[in-house]
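Summary of the model geometry
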Amino acid sequence: LWTPDNIIEDSIARVRAQVGTDRVVLGLSGGVDSSVVAALLHRAIGDQLTCVFVDNGLLRLGEGDQVMSTFARHMGVKVIRVDAEDRFLGRLKGVTDPEQKRKIIGNTFVEIFDDEAGKLDDARWLAQGTIYPDVIESAGSKTGKAKVIKSHHNVGGLPEDMNLKLVEPLRELFKDEVRRIGIELGLPSEMVYRHPFPGPGLGVRILGEVRKEDAETLRKADHIFIEELRRADLYDQVSQAFAVFLPVRSVGVVGDNRLYAPVIALRAVETIDFMTARWAHLPYDFLDLVCRRIVNEVPGVSRVVYDITGKPPGTIEWE
Ligand code: XMP
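Residues numbered from 1 in each chain as written. Predicted model: local features only at pLDDT ≥ 70, side-chain atom pairs only at ≥ 80, totals over all residues.

1. Things to note about the overall build of the protein
Within the protein, the regular secondary structure consists of 11 helices and nine strands. Dimensions of the protein along its principal axes, counting C-alpha atoms only, are 70 × 45 × 40 Å. Counting all 319 residues of the protein, 36% fall into the buried class. In the protein, the share of contacts with a sequence separation of at least 24, taken over all contacts with a separation of at least 6, comes to 75%. (Helix = DSSP H or I, 4+ residues; strand = E, 2+ residues; numbered from the N terminus. Buried ≥ 20, exposed ≤ 12 C-beta atoms within 10 Å, placed from the backbone. Contact = placed C-beta atoms within 7 Å.)

In structure tokens:
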């Protein structure tokens, strides 16, 4: 019988049998899948689990602290936080091509994770949040975005000489099942029902070159949008929502001064499978409120626009 309880008990028994007394390392991203794996493994093997959380400087507002407080402080999971903003932004300097940016972010992530895992010299296992749709996806084409997404998300590019064997306790589960297990394991529902966030993070939501100050601007604007969606009870009605930083300048007026500054685009979509999507028909009053807050509260934004492109032809992300 499928109940979250049964699945958890069964997974715990399997993980214990698989790893014995060995140490396990997990790349924690703050996303649903790796979070549920962390909670599950913590319950199964306690201190034998060490998580590595890489702050690449491309996370949402407060995300790093949130991951640390949920896992390290409240749940007592061992988490190594690596602050690698400078390393990521340094490598991205001058790079404008989206796929190039993805590659750099993915490779840097793997490199840092590999370094940290290497320091835990007795770690024998690598845990991953692979879920059933990932298994299906990677069984198909070896090219195209699906593979890129998977390889970034699930650290598929780790060097073979790492000698780590894989533990993938969610391999047979669908997303909704993973979520139910997460709730049962005591993860906060804001974490479990979060919108998906791409591996390259804000790196593909700042169009063109990624600069630190633009990431800060985008984080603030994005936070206002998400905060208002939650407040208006709209967050769970859309499948994904976020702000995008457009490095074009438009003219505005603030007080008596002329402003010539970048533009923020808001994107919100409704979708089942993320392969096709409809733009979310958010109420005008709501959009009005979000726009006012962003231009008033986030310095250096001249204008806010709302993206009304479906997928196809538009992708969900702008890059
Ligand atoms: P697109 O933009 O292709 O996005 O319509 C579909 C879904 O995939 C996410 N996405 C990514 N996720 N690495 C990821 O882990 C990526 O490089 C990437 N690109 C897009 C996107 O957020 C949406 O949920």
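From this point, things continue past the structure.
2. A look at the sheet that holds strand β4 (residues 123-127)
Strand order in the open sheet formed by five strands is β3-β2-β1-β4-β5, and the pairing between neighbours is parallel. Two strands lie at the open edges of the sheet, namely β3 (78-83) and β5 (165-167), each paired on one side alone. Between one strand axis and the next, the sheet turns by 30° as a mean value, whatever way the strands run. In this sheet, β4 lies alongside strand β1 (residues 23-27) in parallel orientation, the contact comprising four bridges. Bridging from a neighbouring strand, R23 pairs with A123 of β4. (Pairing = 2+ DSSP bridges. Axes fitted to C-alpha atoms, helices over the stretch in contact; angles between N-to-C directions.)

3. Let's talk about the nonpolar core
If you look at soluble globular proteins, the nonpolar side chains tend to sit buried side by side. Counting 73 residues, the largest nonpolar core has V24, L26, L41 and C51 as the members making the most contacts within it. Sorting elements by how many residues they give to this core places helix α2 (residues 32-45) first, with nine residues. Here this core spans two domains, since at least three of its residues come from each of domain 1 (4-192) and domain 2 (205-306). Setting aside chain neighbours within four positions, we find V24 in contact with V19, L41, I45, Q48, L49, A123, W125, A127 and V167. (Core = buried A, V, L, I, M, F, W, Y, C linked by C-beta atoms within 7 Å. Domains from an automatic or database assignment.)

4. Topic: unusual backbone geometry
Look at the link from K311 to P312: it is a cis peptide, with omega at -10°. For the bond from P312 to P313, the omega torsion is 5°, close enough to zero to count as cis. Following the sequence through the fold, P313 ends up in the segment after β9 (303-306). Notably, D233 is not glycine yet its phi reads approximately 60°, a positive angle. Among the secondary structure elements, D233 is positioned in the loop between α10 (212-231) and β6 (240-254). Take D233: there are 8 C-beta atoms within 10 Å of it, and that puts it in the exposed class. Here F274, not a glycine, exhibits a phi torsion of approximately 65°, which is positive.

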